[in-house]
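Here is what each chain is made of, one letter per residue.
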Amino acid sequence: MSKVDKKRGKAGASLKDAMGLYGYMGKYKMIFIPSLAALFFTAALSLAFPYFLADLIGGPLGADHSDIDTTALAAKVNRVVLTLIAVLLVQAIISYFRVRGFIKAGESALTDIRKRVFANMVRLPMSYYMESRSGELSGRVANDLGVLRETLLTTVPQFARMIVTLLGGLVFIFIASPKLSLIMLCSIPLVILAIAIFGRKIKGFSKQAQDALADSNVVIEESVQSIADVKSFGNEDFEQNRYEESLSRFMGVTLQGAKARAAFTSFIIFTLLGTIATVVWFGAQMLIDGDISEGNFVLFVLFSIFVAAPLGSFPEVMSQLQKTAGATERIRELMDEPTEDLDRLAATIEIGGLELKDVEFTYPSRPDKKVLDGVNLTVEPGQRLALVGPSGSGKSTIFSLLLGFYNVDKGSVMFDGKSFDEVGLGNARAAMAVVPQEVLLFGGSILENIAYGRPGATADEVKEAAKKANAHDFIDEFTEGYETLVGPRGVKLSGGQRQRVAIARAILADPKILLLDEATSALDSASELLVQEALAELMKNRTSLIIAHRLSTVKDADKILVVQGGAIAEQGTHDELMAKGGTYKLLAETQFNS
Ligand code: ADP
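Residues numbered from 1 in each chain as written. Predicted model: local features only at pLDDT ≥ 70, side-chain atom pairs only at ≥ 80, totals over all residues. Heavy atoms only, no water.

Colleague: Is there a simple way to explain the overall build of the chain in this structure?
Modeller: When helices and strands are counted, the chain shows 23 helices and 12 strands. With respect to the principal axes defined by its C-alpha atoms, the chain has extents near 125 × 50 × 50 Å. For the chain, the proportion of its 594 residues judged to be buried stands at 43%. In the chain, of all internal contacts separated by at least 6 residues, the share reaching a separation of at least 24 is 79%. On the chain, roughly 30,600 Å² of surface is accessible, and the fraction owed to carbon and sulfur atoms is 60%. Side-chain charges of the chain comprise 61 positive and 67 negative groups, with the mean position of each set lying 4 Å from the other. (Helix = DSSP H or I, 4+ residues; strand = E, 2+ residues; numbered from the N terminus. Buried < 20%, exposed > 50% of the residue type's maximum accessible area, 1.4 Å probe, protein only. Contact = heavy atoms within 4.5 Å. Areas by Shrake-Rupley, 256 points an atom, 1.4 Å probe, with all protein chains shown as cover. Lys, Arg positive; Asp, Glu negative; His and termini not counted. Charge placed at Lys NZ, Arg CZ, Asp CG, Glu CD.)

Colleague: Which parts of the structure should I look at to understand the packing of aromatic side chains?
Modeller: The geometry of an aromatic ring pair is captured by two quantities: the separation of the ring centres and the angle between the planes. Overall, the coordinates contain 14 aromatic pairs when judged by the stated rule. Between the aromatic rings of F172 and F303, the centroid separation amounts to 4.6 Å while the plane-to-plane angle is 5°, which identifies the pairing as stacked. Taken together, the residues span a long stretch of sequence, with F172 in helix α6 (residues 134–176) and F303 in helix α11 (residues 294–312) at a distance of 131 residues. With relative accessibility at 23%, the residue F172 sits in the partly exposed group. (Phe/Tyr/Trp six-rings, centres within 6.5 Å; stacked < 30°, edge-to-face > 60°.)

Colleague: Sorry if this is basic, but what is going on with the nonpolar core here?
Modeller: Taken as a class, soluble globular proteins show a tendency for nonpolar side chains to be buried jointly. Counting 47 residues, the largest nonpolar core has V388, I450, I503 and Y584 as the members making the most contacts within it. A total of seven residues in this core trace back to one element, the largest contributor, which is helix α19 (residues 495–509). Other than its neighbours up to four places away in sequence, Y584 contacts V388, V554, I560, V562, E570, H574, L577, M578 and F592. Within the second largest apolar cluster, 33 residues are counted, among which are F361, V379, F420 and I547. (Core = buried A, V, L, I, M, F, W, Y, C linked by side-chain atoms within 4.5 Å.)

Colleague: Explain helix α23 (residues 583–590) to me, please; I cannot follow it from the model alone.
Modeller: Residues three or four positions apart in an α-helix share a direction because the helix packs 3.6 residues into each turn. Where α23 is concerned, the buried positions are Y584, L587 and A588. Considered in projection along α23, the buried side chains sweep an arc of 100° and stay on one side of the axis. In this structure, α23 carries L586, E589 and T590 as exposed residues pointing more than 90 degrees from its buried face. On its buried side, α23 packs onto β3 (384–388), α21 (551–556), β11 (559–564), β12 (567–572) and α22 (574–580). (Arc of directions from axis to C-beta.)

Colleague: For this particular structure, what's the right way to read the pattern of salt bridges?
Modeller: When their charged atoms lie close together, side chains carrying opposite charge are able to pair. Throughout the structure, instances matching the rule amount to 15 salt bridges. Notably, a salt bridge pairs R242 with E239, separated by 3.1 Å at the nearest N-O pair. One end of the pair, R242, and the other, E239, are both in helix α10 (residues 236–289), three residues apart, so they sit about a helical turn from each other. Residue classification places R242 among the partly exposed positions, given a relative accessible area of 25%. Through salt bridges with shared partners, a single network forms among E222, E239 and R242. (Salt bridge = Lys/Arg side-chain N within 4 Å of Asp/Glu carboxyl O.)

Colleague: Which parts of the structure should I look at to understand the packing of helix α17 (residues 459–468) against α19?
Modeller: In helix packing, the relevant descriptors are the interaxial angle and the interaxial distance, both defined with respect to the helix axes. Contact geometry of α17 with α19 gives a least axis separation of 8 Å together with a crossing angle of 125°. On the basis of the axis angle, α17 is oblique to α19. Regarding α17 and α19, the two cross each other, and that crossing is right-handed. Here α17 contributes E461, V462, A465, A466 and K468 to the contact with α19, which in turn contributes A504, I507 and L508. When grouped by side-chain class, the residues that make up the contact of α17 with α19 number six nonpolar, no polar and two charged. (Axes fitted to C-alpha atoms, helices over the stretch in contact; angles between N-to-C directions. Parallel < 35°, antiparallel > 145°, perpendicular 65-115°, else oblique. Left-handed = near helix turned anticlockwise from the far one by under 90°. Nonpolar A, V, L, I, M, F, W, Y, C, P; charged D, E, K, R; others polar.)

Colleague: How should I be thinking about the sheet that holds strand β2 (residues 370–379) in this particular structure?
Modeller: Backbone-to-backbone hydrogen bonds pair the strands of a sheet. The strands run either parallel or antiparallel. Spatially, the four strands line up as an open sheet ordered β2-β1-β4-β5, and their pairing is antiparallel. Two strands close off the open sheet at either side, each with one partner strand: β2 and β5 (418–419). Alignment of strand β4 (residues 410–415) against β5, held across two bridges, turns out to be antiparallel. Along β5, the bridge assignment pairs F415 with K418. (Pairing = 2+ DSSP bridges.)

Colleague: Please clarify how the environment of T254 should be interpreted in this entry.
Modeller: Along the chain, T254 turns up in helix α10. Expressed as a C-alpha distance, the spacing of T254 and A212, which sit 42 residues apart in the sequence, is 9.3 Å. At 2.6 Å, the side chain of T254 and the backbone oxygen of F250 are in polar contact. (Polar contact = N/O pair within 3.5 Å; in protein donor to acceptor, adjacent residues only side chain to side chain.)

Colleague: Is there a simple way to think about unusual backbone geometry in this case?
Modeller: Excluding glycine, a negative phi dihedral is what most residues carry, and trans is how most peptide bonds are arranged. Here the phi dihedral of D416 falls at roughly 50°; this positive angle occurs in a residue that is not glycine. By secondary structure assignment, the location of D416 is in the loop between β4 and β5. At D510, a position not held by glycine, the phi torsion is positive, near 50°. Considering the arrangement of structural elements, one finds D510 in the loop between α19 and β9 (513–517).

Colleague: How do you make sense of the side chain of T553 when you look at a structure like this?
Modeller: Secondary-structure assignment places T553 in helix α21. Assessed through its relative accessible area of 9%, T553 is described here as buried. Of note is the side chain of T553, whose polar atom sits 2.4 Å from the side chain of E518. In contact with T553, not counting residues within four places along its chain, are E518, I546 and A548.

Colleague: For this particular structure, what's the right way to read the site of the ligand?
Modeller: Taken together, the neighbourhood of the ligand is formed by 14 residues, with G392, G394, K395, S396 and T397 sitting nearest. A distance of 3.4 Å separates a nitrogen atom of the ligand from a polar atom in the side chain of Y363. At 3.0 Å from an oxygen atom of the ligand is found a main-chain nitrogen or oxygen belonging to G394. Contact with the protein chains removes 73% of the 560 Å² of surface that the ligand exposes when unbound. Counting residues per element, the shell around the ligand draws most heavily on helix α13 (residues 395–402), which supplies three residues. Looking at the shell around the ligand, its residues break down into four nonpolar, seven polar and three charged. (Near = heavy atom within 4 Å.)

Colleague: Quick question: what am I supposed to make of the environment of N296 here?
Modeller: Along the chain, N296 turns up in helix α11. N296 sits in the partly exposed class, given a relative accessible area of 28%. Distance in space between the C-alpha atoms of N296 and I57 is 11 Å, their sequence separation being 239 residues.

Colleague: Can you help me understand a nonpolar patch on the surface in this one?
Modeller: Residues L89, I93, Y96 and F97 make up a contiguous nonpolar surface patch of about 450 Å² in total accessible area. For F97, the location among the structural elements is in helix α4 (residues 70–122). (Patch = residues over 30% accessible without salt bridge, like charges linked within 9 Å, V, L, I, M, F, W, Y side chains within 5 Å.)

Following this line, the structure appears as structure tokens:
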């Protein structure tokens, strides 16, 4: 979220904070409140059922059997039944709209929550992703949203109905017999005690169970993602064990949670039915002593059963609500996690040159290793700078810092003499395009994959970029041309073809600065030539920073920096560094592809 949004959002957010995620219902109150009212109304109407039933049974029972007017009684019974049917009909019609309304309001609010969670997720800083495994994150979000959905659509209406039935039922019970009602109410403290004892346990276990389930989803996701490795290493058994182990952890906590839930359920059932039995026993005594009429006794018993039946599902509802509390907490954590400030500053700032000044950096996930220690580098606008050095020396880290994925510990990153704050993270990233070593294409057409460089580009612009990137010819050879699907479920492009798609993407993005991580793997000479030509086209009139693996690239560079152990060991042109006869010369002779 931007700074501005944060400020604007404050007042609105406090209500949402107070209400938790249910605050998201607020937007749909025009549907939600009438639906809730309809729910209360239908729940209240459902009380008519035991009421009329009592009337039906109580009437004949209470009548004086010696001179019973059967015709009048039959007429009354028929009237009662007809009224009951009419009431049930009204209830059915209102229920239809209530259920529809609830689903609409609930799903709409959930959709908003999903959107918001995802919007936040993609803006979380890189360090967040380094600390949590991506499978865990996505699995957890999916699980937690599932729990929330069930609660919003099923448990909340169920809970509301239960409350109305309970309160309404109690009124009738009180009318029927205050004395019996008081005996019945004695069981309430017991129920509250049980909630206090078991509720916390259930919440704890279900949060652990959700976590364990998320862990097992990570195994699935990782295995599927790298299925080729799983197979080539013959590690099917290993992955199967890994999955089974995480599932058994899940089962462990689930079974422990089941104990708490089962104990809670049986306690509540025993208390409820025990209370009813006790009360009916008292009632029978009162009936014998003539303290209560037969009609009232029937009313009392029917209402007690009617109230008790939904209370039977009380433990389920409570544990679902506890479970939701856990899930909601995590969704909110994710929503409240500070995001990157990507607002482009009002003025578009043209950036051409880069500078790292005395940069020191340690990855937050690995605090004991200083990855960059006093790096200085300057790239003038339009210059071509090559970074070379052994693997692990910190070259990619330099790219990450330029892209603002992490903050430097010491020193500064400057763009034409301005800091990130002055330029704005959004502007800085917009000025740069990255061509990575391993190009990942995502599911979609080639056209979409190239257009990712500048969403909204026209098909002609995409083709133009593809031509410049030497990609047009091979794309044209596919029967479906630019509409050919690539990525996980589409055709597989060769390494050289993927690189040219990535180059076309960057050409389309038309950045001032290019961060290029040259592929280490040598391509066959024909595609190598095509890629080199495409890169030459891409680098024209741009500032480029290249992690170089080829002799031809470094020879063409304006300046070469040798990175070693997180510092710049040597710098100069190819000829200067060769003459010097240091690390560079060694690298040039042993490591570079031609
Ligand atoms: P190069 O690009 O020169 O091969 P890198 O910049 O990738 O080197 O890595 C420099 C050092 O930082 C290595 O020791 C590497 O293990 C470490 N490193 C890289 N990425 C991370 C990360 N996300 N978390 C922790 N350490 C990392």
